[in-house]
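Summary of structural features
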Amino acid sequence: MSEQNGLPSHIAIIMDGNGRWASNRGLARVRGHIEGVKSVREITEECARRHIEQLTLYAFSSENWSRPRFEVAILMRLLRRYLIRELKTIMNNNIRFTVIGRIEGLPEDVQKEIATEIELSKNNTGMILCLALNYGGRTEIVDAARRLAQKVQEGKLRPEDINEETLKENMYTAGMRDPDLLIRTGGEMRVSNFLLWEISYTELWVTPVYWPDFRKEQLEEALRDYAARERRYGGILQ
Ligand code: FPP
């Protein structure tokens, strides 16, 4: 069993609804992102407190580049500021920070903060906080296929040795557990190119609550619902 006391080991979250949260209040969309960072902090601390093994947050998708330039710039600035300011939260909570996605496509100053955060937190032994940045689920599979092809070309791998395990080992998420629970805020019933390979057997939980309003109480509700489910992984319960 991957879970303890009915708690998921790995929680992944699609943090949606920042823009709508702000528009509903007559505010600029970026105000929703700013408020969303507070939810990131609260949910991270709460998951660490509950000894969740890994929390993966969809912070910036490869499709998000198509947003207005101003909004993309603000998101990158927020991200950089978040990395600098939240180092304290990360260290105080014994969290190990990591990322998935095409990190080389991010602005250099953001890449630098990411590298610092990873380095400073690498010996922490508590929860893994993984930010998906410039991440796309299909791109992840394409990148894994390329790596495998490269290994075949170099004679390090035979085509017949490619299986689910070798593919997994070449994903951004190599060495990580698959998520047990995927939460989506903002009410849309979509997966939006997030962790396509990894969520094959993940339990889904969608709430209409917008991300800036998603706090401890809402997480508690998702966890309660998750604990009551029966996971069969395609089999039948004995
Ligand atoms: C979706 O809201 C949210 C995002 C684009 C990513 C989430 C970003 C944050 C929580 C802030 C920055 C994160 C970190 C970790 C610093 P939306 O704009 O799509 O909302 P909408 O669907 O209502 O338009």
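Overview of the structure. Just so you know, these numbers come straight off a predicted model, no measurement behind them.

1. As for the sheet that holds strand β4 (residues 128-135)
Sheet strands pair by backbone hydrogen bonding; their relative direction is either parallel or antiparallel. Judged by pairing direction, the sheet is parallel, and its 6 strands sit side by side in the order β3-β4-β2-β1-β5-β6 without closing on themselves. The open sheet is flanked by β3 (96-100) and β6 (203-206), the only strands paired with a single partner. With strand direction ignored, the average angle separating the axes of adjacent strands in the sheet is 20 degrees. Bridge count between strand β2 (residues 54-61) and β4: 7 bridges; the pairing is parallel. What sits directly across from L57, in β4, is L131. Contacting β2, β3 and β4, helix α3 (residues 69-85) runs over the sheet at an angle of about 160 degrees to β4.

2. Some details on the site of the ligand
Taken together, the neighbourhood of the ligand is formed by 15 residues, with M15, D16, R20, R29 and R67 sitting nearest. Residue R29 places a side-chain N or O atom 2.8 Å away from an oxygen atom belonging to the ligand. Side-chain polar atom of R67 to an oxygen atom of the ligand: 2.8 Å apart, as the coordinates give it. Its free accessible area being 620 Å², the ligand has 92% of it covered by the protein chains. Elements supplying a minimum of two residues to the shell around the ligand: α1 (18-23), α2 (29-49) and α3. For the shell around the ligand, a count of residues per class yields 6 nonpolar, 5 polar and 4 charged.

3. Overview of the packing of α3 against helix α5 (residues 108-121)
Put simply, α3 and α5 touch, their axes get as near as 9 Å, and they point 25 degrees apart. In terms of orientation, α3 lies roughly parallel with respect to α5. Remark: the crossing between α3 and α5 carries left-handed chirality. Judged by residue contacts, M76, L79, R80, L83 and I84 of α3 engage D109, V110, E113, I114 and E117 from α5. The residue inventory of the contact of α3 with α5, partitioned by class, reads 6 nonpolar, no polar and 4 charged.

4. With respect to the pairing of β4
Buried residues dominate β4, accounting for 8 of its 8 residues. Both β3 and β4 contribute to a ladder of 5 bridges, which runs parallel. By the bridge assignment for β4, F97 is matched with L129. Crossover connection from β3 via α5 to parallel β4: handedness left-handed.

Conventions we followed
Residues numbered from 1 in each chain as written. Predicted model: local features only at pLDDT ≥ 70, side-chain atom pairs only at ≥ 80, totals over all residues. Heavy atoms only, no water. Pairing = 2+ DSSP bridges. Helix = DSSP H or I, 4+ residues; strand = E, 2+ residues; numbered from the N terminus. Axes fitted to C-alpha atoms, helices over the stretch in contact; angles between N-to-C directions. Contact = heavy atoms within 4.5 Å. Near = heavy atom within 4 Å. Polar contact = N/O pair within 3.5 Å; in protein donor to acceptor, adjacent residues only side chain to side chain. Areas by Shrake-Rupley, 256 points an atom, 1.4 Å probe, with all protein chains shown as cover. Nonpolar A, V, L, I, M, F, W, Y, C, P; charged D, E, K, R; others polar. Parallel < 35°, antiparallel > 145°, perpendicular 65-115°, else oblique. Left-handed = near helix turned anticlockwise from the far one by under 90°. Buried < 20%, exposed > 50% of the residue type's maximum accessible area, 1.4 Å probe, protein only. Right-handed = clockwise from strand over helix to strand, strands pointing away.

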